[in-house]
Amino acid sequence: MQRILVTGGAGYIGSHTCLRLLEAGYEVIAVDNFCNSNPESLERVKKLTGKSLTVYEANICDRQSIKKIFEAHDIDAVIHFAGLKAVGESVEKPLEYYYNNVYGTLVLCDVMADAGVKNMVFSSSATVYGLSDDVPFSEDAPTSATNPYGRTKLFIEEILSDLKVADKEWSITLLRYFNPVGAHKSGLIGEDPKGTPNNLMPYISQVAVGRLKQLQVLGDDYPTIDGTGVRDYIHVMDIAEGHVKALEGPRVKEGPAVYNLGTGKGNSVLEVVKAFEKVNGIVIPYKITDRRAGDVASSYADPSKAQKHLNWTAKLTLNDMVRDAWNWQKKNPNGYA
Ligand code: NAD
Ligand code: UD1
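Just so it is clear, the structure is predicted and the values come from calculations on it, not from any experiment.

**What to know about the pattern of salt bridges**
Logical step 1: By the definition in use, this model includes 18 salt bridges.
Logical step 2: A salt bridge links Lys118 to Asp167; the nearest nitrogen and oxygen atoms lie 2.6 Å apart. With Lys118 in the loop between helix H5 (94–115) and strand E5 (119–125) and Asp167 in the loop between helix H6 (148–166) and strand E6 (171–177), the pair connects residues that are 49 residues apart, well separated along the chain.
Logical step 3: Put simply, Asp221 and Arg291 hold a salt bridge, and the shortest N to O gap is 2.9 Å.

Encoded structure:
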């Protein structure tokens, strides 16, 4: 059995990945400062799997705390989710984002190297494809960033690439997620954003449960099938499985291994709304408003590299995503609170 340290393990994607890791027979040590999550998520992971995991409340920027965790456990690899992720907030508080995401990663890598643990899977994002709409994006497409959040992802990708050049013993995998949505089929764990959601699926779910009045569809004049933005929505359990496959994937000699995690299929905002309504039998009131600054018309993955090298492919459909998102929301109208 291998021991995996999961930073940001209590968060949305982290909690689903901890669950898959436990199911796959790994020992899991989760670290989180709960700045955007609730310890209850991991309690529920224990309940769902019937297995235990170790949870530390710690900030990845706090070298001493992280060092102690590496001293207490013989860790084989790290899956690094911990980070702040709200685009708008990152524009207002850039230093907080660079400090938490970039400095936090530097501290983590330094402590890992000291402990001789040179194996990391990092949560990157399709945001690194910037404003391009040359879809589908393959991993060798040009990268850029349009906001501080995106720049933290880009900088961290480059820092980890430099680390690999300097020391070939490192095994580094960069996973670029497209749009993770949905929840575990039990409805016991799911996405629980603080405040008003920025992202489409949690917004729709909160309209459905009556916490929000109506959805604003942010623009209907894009060059897409119905004028609304097209994205590659991918079930969070498929994303979780991608991490298990990445841990078990081939070690790459040169540079970090970079993989898109997406379905390869784009859906428009209105297609998502319609699927949610049809599958769940609920009407979602919406109105069309202006575009959101920084949004592209279409973004979806070429996922063939992950299929070829990791033997990973997304299995769940948009109908599964909207069903599971609603199952979680209706069972937990106020999230974990
Ligand atoms: P999340 O906010 O639910 O999870 C992040 C977790 O990290 C939270 O539990 C938070 O409390 C924790 N955390 C943040 N800073 C920390 C620190 N300094 N020390 C310890 N813990 C800290 O977000 P998520 O949606 O699960 O995303 C996980 C990762 O995936 C993030 O790095 C995010 O940028 C990346 N990502 C997410 C998406 C998405 O749409 N959800 C898309 C692409 C990439
Ligand atoms: C957003 C982030 C991106 C991040 C990604 C995943 C911005 C500008 N980009 O991208 O950096 O990597 O989330 O976390 O915030 N929409 C509505 N109404 C809403 C919300 C969204 O119509 O209330 C539309 C958007 O215009 C878009 C689609 O729904 O066309 C998806 O939006 P969202 O879920 O925010 O994801 P991204 O735009 O891909």
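So much for the structure itself; the text now carries on.
**Observations regarding the site of ligand 1**
Logical step 1: Taken together, 27 residues are adjacent to ligand 1, and Asp32, Asn36, Ser37, Lys85 and Tyr149 come closest.
Logical step 2: Ile13 is positioned with one of its backbone polar atoms (N or O) 2.8 Å from an oxygen atom of ligand 1.
Logical step 3: Within the side chain of Lys153, one N or O atom sits 2.9 Å away from an oxygen atom of ligand 1.
Logical step 4: The protein chains hide 95% of the 820 Å² of surface that ligand 1 would expose on its own.

**A short note on the packing of aromatic side chains**
Logical step 1: Considering all chains together, one arrives at six aromatic pairs under this definition.
Logical step 2: A ring pair is formed by Trp328 and Tyr336, whose centres lie 5.0 Å apart and whose planes are at 55°; its orientation type is tilted.
Logical step 3: Among the aromatic residues, ring-to-ring pairing joins Tyr129, Phe137 and Phe178 into one connected group.

**So, the site of ligand 2**
Logical step 1: Around ligand 2, the structure places 18 residues, and the nearest of them are Asn179, Gln216, Arg231, Arg292 and Asp295.
Logical step 2: At 3.0 Å, a side-chain N or O of Asn199 approaches an oxygen atom of ligand 2.
Logical step 3: The backbone of Leu200 places a nitrogen or oxygen atom 2.9 Å from an oxygen atom of ligand 2.
Logical step 4: Out of a free accessible area of 750 Å², ligand 2 has 87% covered by protein chains.
Logical step 5: Broken down by secondary-structure element, the contributors of at least two residues to the shell around ligand 2 are helix H7 (200–208) and strand E8 (215–218).

**Overview of the sheet that holds strand E2 (residues 27–32)**
Logical step 1: The strand order E3-E2-E1-E4-E5-E6-E11 describes an open sheet built from seven strands, whose pairing is parallel. The open sheet has two edge strands with one neighbour each: strand E3 (54–57) and strand E11 (257–261). Each strand axis lies, on average, 20° off the axis of its neighbour in the sheet, ignoring direction.

Rules and cut-offs
Residues numbered from 1 in each chain as written. Chains lettered and ligands numbered in written order. Predicted model: local features only at pLDDT ≥ 70, side-chain atom pairs only at ≥ 80, totals over all residues. Heavy atoms only, no water. Salt bridge = Lys/Arg side-chain N within 4 Å of Asp/Glu carboxyl O. Helix = DSSP H or I, 4+ residues; strand = E, 2+ residues; numbered from the N terminus. Near = heavy atom within 4 Å. Polar contact = N/O pair within 3.5 Å; in protein donor to acceptor, adjacent residues only side chain to side chain. Areas by Shrake-Rupley, 256 points an atom, 1.4 Å probe, with all protein chains shown as cover. Phe/Tyr/Trp six-rings, centres within 6.5 Å; stacked < 30°, edge-to-face > 60°. Pairing = 2+ DSSP bridges. Axes fitted to C-alpha atoms, helices over the stretch in contact; angles between N-to-C directions.

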